[in-house]
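Inside the fold
Read off the chains here:
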Amino acid sequence: MRDRAYSLRYLTLSASVLLATLAAPAQAFSDDEARRAILDLRKQLQQQSEQNARARLQLADQIQSMQQEMAQLRDQIELISRHQPGPQGQGAPGNAPGGQISDPQEQAAYDGSIDLYSKGQYKDAAESLAAFIALYPNSSLAPMAQFYLGRARYATRDYKGAIEELNSMVQKAPDNERAPDALLVIAGSQIELNNRAGAKATLQRIVRDYPSSDAAATAKSRLQVL
């Protein structure tokens, strides 16, 4: 902010000098000198505008990176807390409403995949989650498995893969509690792929379709810097 204020003061001073130059007696300054002064000022204004634009993009990228790291940390904390037994002995991650699913092998396969994700082993987690979805496509845990599969793909910089998985998850389960978060990761992936128009549309979708979600508040802040 201090640098920007300094730049504005500098440009204001430059403009004042130019006006004084133009108002000086004609014999003191030639037309060529006046034109050169105007061109110099235009060049300075253009350079300052380009610097400001680069600074805004860099700030947006830094904010995006920090928010992504925070989102991954929140996921890990959430997964760890879900592994802790609750007052009723529940707490396994991603359980279907009403408690654990009836198939212990299915639950174990899901828990094993999520455990890999919570440990930051994203490549192995992605393979395990993809296998779970292939084995249990109709499972009540499939939407959450696909959400974390998309997150794992994002963490390994497979942004196209992340978009594909998370779009599929939102289409299949638009009312899932993690659907707006999935769209937020999609927007982040689009930014990484330099698709800012697509990211803007995705963020606007979050605000429109999930206005009361935490993701909507984040989407609004990101829209301000895109």
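Bear in mind the structure is a predicted one, so any value in this text is a computation, not a measurement.

**Considerations on the UniProt feature "repeat: TPR" (unreviewed entry) in the protein**
The sites that carry the UniProt feature "repeat: TPR" (unreviewed entry) are, in the present numbering, residues 143–176. As a span, residues 143–176 carries 79% helix and 0% strand, and end to end its C-alpha atoms are 8 Å apart.

**Let's talk about the nonpolar core**
Judged by nonpolar contacts, the single largest core of 39 residues is most densely connected at Tyr 110, Phe 132, Tyr 148, Val 170 and Ile 206. The set of elements that each furnish at least two residues to this core consists of α3 (104–118), α4 (122–135), α5 (142–155), α6 (159–172), α7 (179–192), α8 (196–209) and α9 (214–223). Element by element, the count of residues in this core is highest for α7, at eight residues.

**Some thoughts on the packing of α8 against α9**
For the pair α8 and α9, the least separation of the axes is 8 Å and the interaxial angle reads 140°. Looking at the two axes, α8 sits oblique to α9. For the element pair α8 and α9, the recorded crossing hand is left-handed. Across the interface between the two elements, Lys 200, Leu 203, Gln 204, Ile 206 and Val 207 of α8 pack against Ala 215, Ala 216, Ala 219, Lys 220, Arg 222 and Leu 223 of α9. Partitioned by chemical class, the residues of the contact of α8 with α9 number seven nonpolar, one polar and three charged.

**A short note on the pattern of salt bridges**
Applying the stated criterion to the full structure yields four salt bridges. Its salt-bridge partner being Lys 119, residue Asp 115 comes within 3.1 Å of it at the nearest N-O pair. In this structure Lys 119 comes out as exposed when scored by relative accessible area, which is 56%. Where Asp 209 meets Arg 208, a salt bridge forms, and the shortest distance between an N and an O atom there is 3.0 Å.

**With respect to α6**
Look at α6: 20 Å from first C-alpha to last across 14 residues, which is about the 20 Å you get at 1.5 Å a residue. Buried within α6 we find Tyr 159, Gly 161, Ala 162, Ile 163, Glu 165, Leu 166, Ser 168, Met 169 and Val 170. Each element contacted by the buried residues of α6 is listed here: α5, α7 and α8.

**Observations concerning the packing of aromatic side chains**
Counting across every chain of the model gives six aromatic pairs. With a centroid separation of 5.1 Å and 45° between ring planes, the pair formed by Phe 132 and Tyr 136 is classed as tilted. When sorted by exposure, Phe 132 lands in the same class as Tyr 136, which is buried.

**Concerning the confidence of the model for the protein**
Model confidence for the protein is summarised by a mean pLDDT of 78, while 65% of its residues fall at 70 or above. Of all helices and strands in the protein, the one with the weakest mean pLDDT is helix α1 (residues 2–23) (51), whereas α6 scores best (97). Scored below 50 in pLDDT, residues 2–6 shows one contact in the model against residues more than four places distant or in partner chains.

**Here's the deal with the side chain of Gln 190**
Looking at the secondary structure, you find Gln 190 in helix α7. Those residues within four positions of Gln 190 in sequence are excluded, and the remaining contacts are Ile 163, Asn 195, Gly 198, Ala 199 and Thr 202.

**A look at unusual backbone geometry**
Its identity is not glycine, yet Arg 157 carries a phi of approximately 70°, on the positive side. The residue Asn 194 is not glycine, and still its phi comes out positive at about 65°. Structurally, Asn 194 can be placed in the loop between α7 and α8. Judged by relative accessible area, Asn 194 falls into the exposed class, the value being 65%.

Cut-offs and rules
- Residues numbered from 1 in each chain as written.
- Predicted model: local features only at pLDDT ≥ 70, side-chain atom pairs only at ≥ 80, totals over all residues.
- Heavy atoms only, no water.
- UniProt positions renumbered as here; feature names shortened; annotations may be inferred.
- Helix = DSSP H or I, 4+ residues; strand = E, 2+ residues; numbered from the N terminus.
- Core = buried A, V, L, I, M, F, W, Y, C linked by side-chain atoms within 4.5 Å.
- Buried < 20%, exposed > 50% of the residue type's maximum accessible area, 1.4 Å probe, protein only.
- Axes fitted to C-alpha atoms, helices over the stretch in contact; angles between N-to-C directions.
- Parallel < 35°, antiparallel > 145°, perpendicular 65-115°, else oblique.
- Left-handed = near helix turned anticlockwise from the far one by under 90°.
- Contact = heavy atoms within 4.5 Å.
- Nonpolar A, V, L, I, M, F, W, Y, C, P; charged D, E, K, R; others polar.
- Salt bridge = Lys/Arg side-chain N within 4 Å of Asp/Glu carboxyl O.
- Expected span 1.5 Å × (residues − 1).
- Phe/Tyr/Trp six-rings, centres within 6.5 Å; stacked < 30°, edge-to-face > 60°.
- pLDDT = per-residue confidence, 0-100.

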